[in-house]
Amino acid sequence: MVTTEACRLLWLLLVLGCFSCSGSVKPCSTAASNSRQLKSVWPFSGQRPAIRTGAKCNKASMGHVWRGDSIYEELQEFLRVNGPLLHLPREVTDITTATTIMQLAAPDIQLVLDPLLYLKVLPEPSGIPKLVHMTVKDKRQVAPHQLLSMLSWGRFNKGYALLLYDDADIEQYMQQFYPAFMPTFHQLKTAVEKSDAWRYHVLCGHGGIYTDTDTICARPFSEWTNFNSTPEPGLLVGIEDRFYTQEEAEEATYVHKTQITQWTMASKRAHPVVCRMGGAIKAFVEQEAADGGRIEQQMGHDASILLRTGPGIWSREVHSYLQQMGSQPEDLVEGGQVTDAVVLPQAAFGCNFRYWSVENTESYVYHMYNNSWKVDHFRVADFKKQQRHSKQRQHAMRLVYPLLIIMSACCGVLAAVYAGLCWLPAHSGTRFGARKKRRALQAIAVGGSSPRKGSPRGSPSRLGSGSSSITLSSRLQQQHWKERQL
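Cut-offs and rules
- Residues numbered from 1 in each chain as written.
- Predicted model: local features only at pLDDT ≥ 70, side-chain atom pairs only at ≥ 80, totals over all residues.
- Heavy atoms only, no water.
- Helix = DSSP H or I, 4+ residues; strand = E, 2+ residues; numbered from the N terminus.
- Buried < 20%, exposed > 50% of the residue type's maximum accessible area, 1.4 Å probe, protein only.
- Contact = heavy atoms within 4.5 Å.
- Pairing = 2+ DSSP bridges.
- Core = buried A, V, L, I, M, F, W, Y, C linked by side-chain atoms within 4.5 Å.

(A) Spatial organisation of the overall build of the protein chain. On a plain count of helices and strands, the protein chain comes out with 21 helices and 12 strands. Counting all 486 residues of the protein chain, 45% fall into the buried class. Sequence separation of 24 or more characterises 74% of the internal contacts of the protein chain that already satisfy a separation of 6 or more.

Shown next, in the form of structure tokens:
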């Protein structure tokens, strides 16, 4: 037999369980919920394989990631500029000092400080020429990381000419070789956009390798692919990063879910992809002017640069070329060649320089990026992320909320039933029931039958009143009424 105290305890636990069951809905419906709470509500999220470039680079470097400034010392030692006689300057230096350091560290390096004059006398090459185009804001001021970058490219690519441009050289090059593009060139607002437009045109006009001056070359260009294949490679690009959906890419400040690197690329002269970039940029600028700058207003200035001249429009044209050749970009994320276009996997170009390792054979170029200029873009991306999380919460609650309501109702019903089963046997007599019993016993004691409706409380009925003896039939009637009442 269940005791009264046990019944009370079990009933209390059931009621508390019902409140916690119904109250568990509230945290999931608040705006403060994050994706970690969503995983607990929807168990199938977060179980997809890791396809981001960071995971690929971590695997390629066998989990080794450099912290702090020790990576700079390691690179200087690797490039032979960290010693008692030769060391890298800690501050911005002039081009004369930079050239001297490079010549001492890598005597075979061929640094060209007047690229326009060099290109005038350069014979027309076949295939991808041995040219490395690099740009800085001002050649009179070279930062230490830019010096590291030029040293790495000169050391691993002997026989290649490193052509160093600055903003003045870029505008002069465009004016000399692409005067028809100059109206669009002057409509570009920032030096970043002008540098983007120039890199496509310099590859179209002269071919070679373009790379930013914050990249580290870790493998000779001749080993990047099989240049003896048929057809001979005429365009060489790499996968920057990869996402499952377009929404995830935009939330991570990317434009495409399979984005192509723009900080390092190579092509032969007059390749169709790089040569049609000028027309694509011009069309985008004209459309943007017709819309009154709507794209920049919606996405912010930083994000609009990616669409106007950066990896967004570049990836779009590369995707279009691959599709014309009968292939999809998603089919080449592990690397491959489509006609003369070579696509390298994510770890080839996409790794941050903190994954640098001598044993890493999958990375050809490391990028010293920190995304410091994407201020507006991060703000827009965070807003989109909040919107997606809100939609996910709403979708999850549409599935889970009815179930929780049913569970809460069931708990309430079970609590009420269990409480009744426990409390009624322990308290079988109530105040009304005891009073009714007393009235019946009083009527029997005075020799009367069952009290009738409307009779005074405690008064006997007219049957047998005033008689000293009770017949057998009246006794049987009283006993029968008593059994019915009890």
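(B) Summary view of the pairing of strand β4 (residues 208-211). Of the pairings in the sheet, the one linking strand β2 (residues 131-135) to β4 comprises two bridges and is parallel in character. Counterpart to V132 in the pairing with β4 is I209. Taken together, the four bridges between β4 and strand β8 (residues 264-267) define a ladder with antiparallel strand orientation. Following the sheet pairing, I209 is matched in β8 by A266.

(C) Quick look at the nonpolar core. Residues L147, M150, W153 and F349 are the most contacted members of the largest nonpolar core, which totals 51 residues. The biggest single contributor to this core is helix α8 (residues 144-156), with six residues. If near-sequence neighbours (up to four positions away) are discounted, L147 is found in contact with L88, P89, A98, I101, M102 and V142. Formed by 47 residues, the second largest nonpolar core is a distinct cluster that contains Y173, Y178, M265 and I313.

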